[in-house]
Amino acid sequence: MKSTKRHRTNFISFIIVVITVGLLILLGIMLYNHVKLETRFDTIINWFTKIDNSVAQLDTNLEIILCIFALYIAKCQLPIPLSFLCVISGMVFPLAQALVLNVVFIFFFFSVKYVEGTFLGGGWTGMILNIKQMRFVRDWIHFKGNGNPYILCVTRVIPLIPLGMVSKYYGSMRYDFLYYSILSMVGFAPRLYIYTKLGAAWTNPFSTTFITWMMILVAFTGATSLVFNIFYGVRSRQMTQTLLIYSEKEKYRIVL
């Protein structure tokens, strides 16, 4: 069992490394040939520029902000990628303003999911963590019954972990809302900046700025996913070994 878990962890780590390196090589080739790509795909770049100019000609900034806020409200119940919403703000507003808007709206999203967890429970996360093989993760998250602040912050950093599910579960634990808000925003800050910066450079997807930030995003996603997978594999094997030792002790215990 221990060997199987190790092989599974190594295989997943290998897949993550291959995909990450492959994407970085592809983006590196695009970066090297960005001048040729800009010339070849000039029509697409002009089309993006026209869209950007059309958005800029909308009546008021308030209407744009309300539209983006409506998308964040929809995100609370629909599987809309949060990265997509951050990119939209970066597309429409200057970087500083887009960052402020995204911070406010993401805080709203985290708050809504926390309140949902408070009243409705942990949802799918709670059901998954009650599975026997996942209970060590549940105990790890609960952290002596108070909620693990490190896990909360780390789950905001790793792009592959659903933000809403984690938020609802911490709400179901009645974790301190102030700490929850601060840790959530701190953990999500690197992703928020990268996504917003991508949106600011979207009018030319073949520019050095856009490709460079795409490389940063790919490397960031791959590295955090790899570290999490290795750490999870180590903890899983440790817990399996502990359970085996305990079961052996129970098996040979003498009852008087």
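Residues numbered from 1 in each chain as written. Predicted model: local features only at pLDDT ≥ 70, side-chain atom pairs only at ≥ 80, totals over all residues. Heavy atoms only, no water.

Student: Help me out: how do you make sense of the confidence of the model for the protein in this one?
Tutor: Reading fine detail from the predicted coordinates is not recommended where pLDDT is low. With 75% of its residues at a pLDDT of 70 or more, the protein has an overall mean of 79. For residues 243–256, every residue scores under 50 in pLDDT, and the model assigns this stretch 0 contacts once sequence neighbours within four places are set aside. (pLDDT = per-residue confidence, 0-100. Contact = heavy atoms within 4.5 Å.)

Student: Explain the packing of aromatic side chains to me, please; I cannot follow it from the model alone.
Tutor: Here a ring pair, both rings aromatic, is described through the centre-centre distance and the interplanar angle of the planes. Applying the stated criterion across every chain, the model contains 12 aromatic pairs. Here the aromatic rings of Phe188 and Tyr195 are separated by 6.5 Å at their centres, their planes lie at 55°, and the arrangement is tilted. For the pair formed by Phe188 and Tyr195, the shared burial category is buried. If you follow Arg156 out to its NZ or CZ, it ends over the ring of Phe110, 4.2 Å from the centre. (Phe/Tyr/Trp six-rings, centres within 6.5 Å; stacked < 30°, edge-to-face > 60°. Buried < 20%, exposed > 50% of the residue type's maximum accessible area, 1.4 Å probe, protein only. Lys NZ or Arg CZ within 6 Å of the ring centre and 35° of its normal.)

Student: I'm lost on the nonpolar core in this one. Help?
Tutor: For soluble globular proteins, the rule of thumb is that nonpolar side chains tend to be buried together. One finds Tyr72, Leu82, Ile106, Phe110, Tyr170 and Phe188 to be the most contacted residues of the largest nonpolar core, which totals 42 residues. For this core, the elements supplying multiple residues, two or more each, are helix 4 (61–75), helix 5 (82–92), helix 6 (95–120), helix 8 (135–142), helix 9 (149–157), helix 10 (163–172), helix 11 (177–200) and helix 12 (208–251). (Core = buried A, V, L, I, M, F, W, Y, C linked by side-chain atoms within 4.5 Å. Helix = DSSP H or I, 4+ residues; strand = E, 2+ residues; numbered from the N terminus.)

Student: So what exactly am I meant to see when it comes to the environment of Ala70 here?
Tutor: Relative to the assigned elements, Ala70 resides in helix 4. A residue is classified by how much of its surface remains accessible, and Ala70, at 40% relative accessible area, is partly exposed.

Student: Explain unusual backbone geometry here, please?
Tutor: Negative phi characterises most residues that are not glycine, and trans characterises most peptide bonds. Although it is not a glycine, Arg174 adopts a positive phi angle of roughly 60°. If you trace the backbone, Arg174 turns up in the loop between helix 10 and helix 11. The exposure class of Arg174 is exposed, given its relative accessible area of 53%.

Student: Honestly, the packing of helix 4 against helix 5 in this entry has me stumped. Any pointers?
Tutor: To characterise two packed helices, one gives the angle between the axes of the helices and the distance between these axes. For the pair helix 4 and helix 5, interaxial distance at closest approach is 10 Å and the crossing angle is 175°. As judged from the angle between their axes, helix 4 and helix 5 are roughly antiparallel. Residue-level inspection shows Ile64, Ile68, Leu71, Tyr72 and Lys75 of helix 4 in contact with helix 5, the latter providing Leu82, Leu85, Cys86, Ile88, Ser89 and Val92. Grouping the amino acids of the contact of helix 4 with helix 5 by side-chain chemistry returns 9 nonpolar, 1 polar and 1 charged. (Axes fitted to C-alpha atoms, helices over the stretch in contact; angles between N-to-C directions. Parallel < 35°, antiparallel > 145°, perpendicular 65-115°, else oblique. Nonpolar A, V, L, I, M, F, W, Y, C, P; charged D, E, K, R; others polar.)

Student: Explain helix 9 to me, please; I cannot follow it from the model alone.
Tutor: Residues lying three or four places apart along an α-helix face the same way, a consequence of the helix completing one turn every 3.6 residues. Inspection of helix 9 places Ile151, Leu152, Thr155 and Arg156 among the buried residues, and these make up the whole buried set. Seen end-on, helix 9 carries its buried residues on one side only, within an arc spanning 135°. Taking the backbone nitrogen of Tyr150 as reference, a side-chain oxygen 3.0 Å away marks Asn148 as the first, capping residue of helix 9. (Arc of directions from axis to C-beta. Polar contact = N/O pair within 3.5 Å; in protein donor to acceptor, adjacent residues only side chain to side chain.)

Student: Explain the pattern of salt bridges here, please?
Tutor: Taken as a whole and assessed by the stated rule, the structure comprises 1 salt bridge. Two residues, Lys113 and Glu116, come together in a salt bridge whose shortest N-O distance is 3.0 Å. Residue Lys113 and its partner Glu116 are both found in helix 6; the two are separated by 3 residues, about one turn of the helix. (Salt bridge = Lys/Arg side-chain N within 4 Å of Asp/Glu carboxyl O.)

Student: I keep staring at helix 10 and nothing clicks. Help me out?
Tutor: For helix 10, a buried count of 8 out of 10 residues is recorded, marking the element as mostly surrounded by other parts of the structure. Among the residues of helix 10, Leu163, Gly164, Val166, Ser167, Lys168, Tyr169, Tyr170 and Gly171 are the ones counted as buried. Backbone geometry just after helix 10 places Arg174 at a positive phi near 60°.

Student: What's the story with the packing of helix 5 against helix 6 in this structure? I'm lost.
Tutor: Their axes nearest at 9 Å, the elements helix 5 and helix 6 cross at an angle of 150°. When the axis of helix 5 is compared with that of helix 6, the two are roughly antiparallel. In the packing of helix 5 onto helix 6, the handedness of the crossing is right-handed. Between helix 5, through Leu82, Leu85, Cys86, Ser89 and Gly90, and helix 6, the contact on the second element is made entirely by Ala98, Asn102, Ile106 and Phe109. In terms of residue class, the contact of helix 5 with helix 6 is built from 6 nonpolar, 3 polar and no charged. (Left-handed = near helix turned anticlockwise from the far one by under 90°.)

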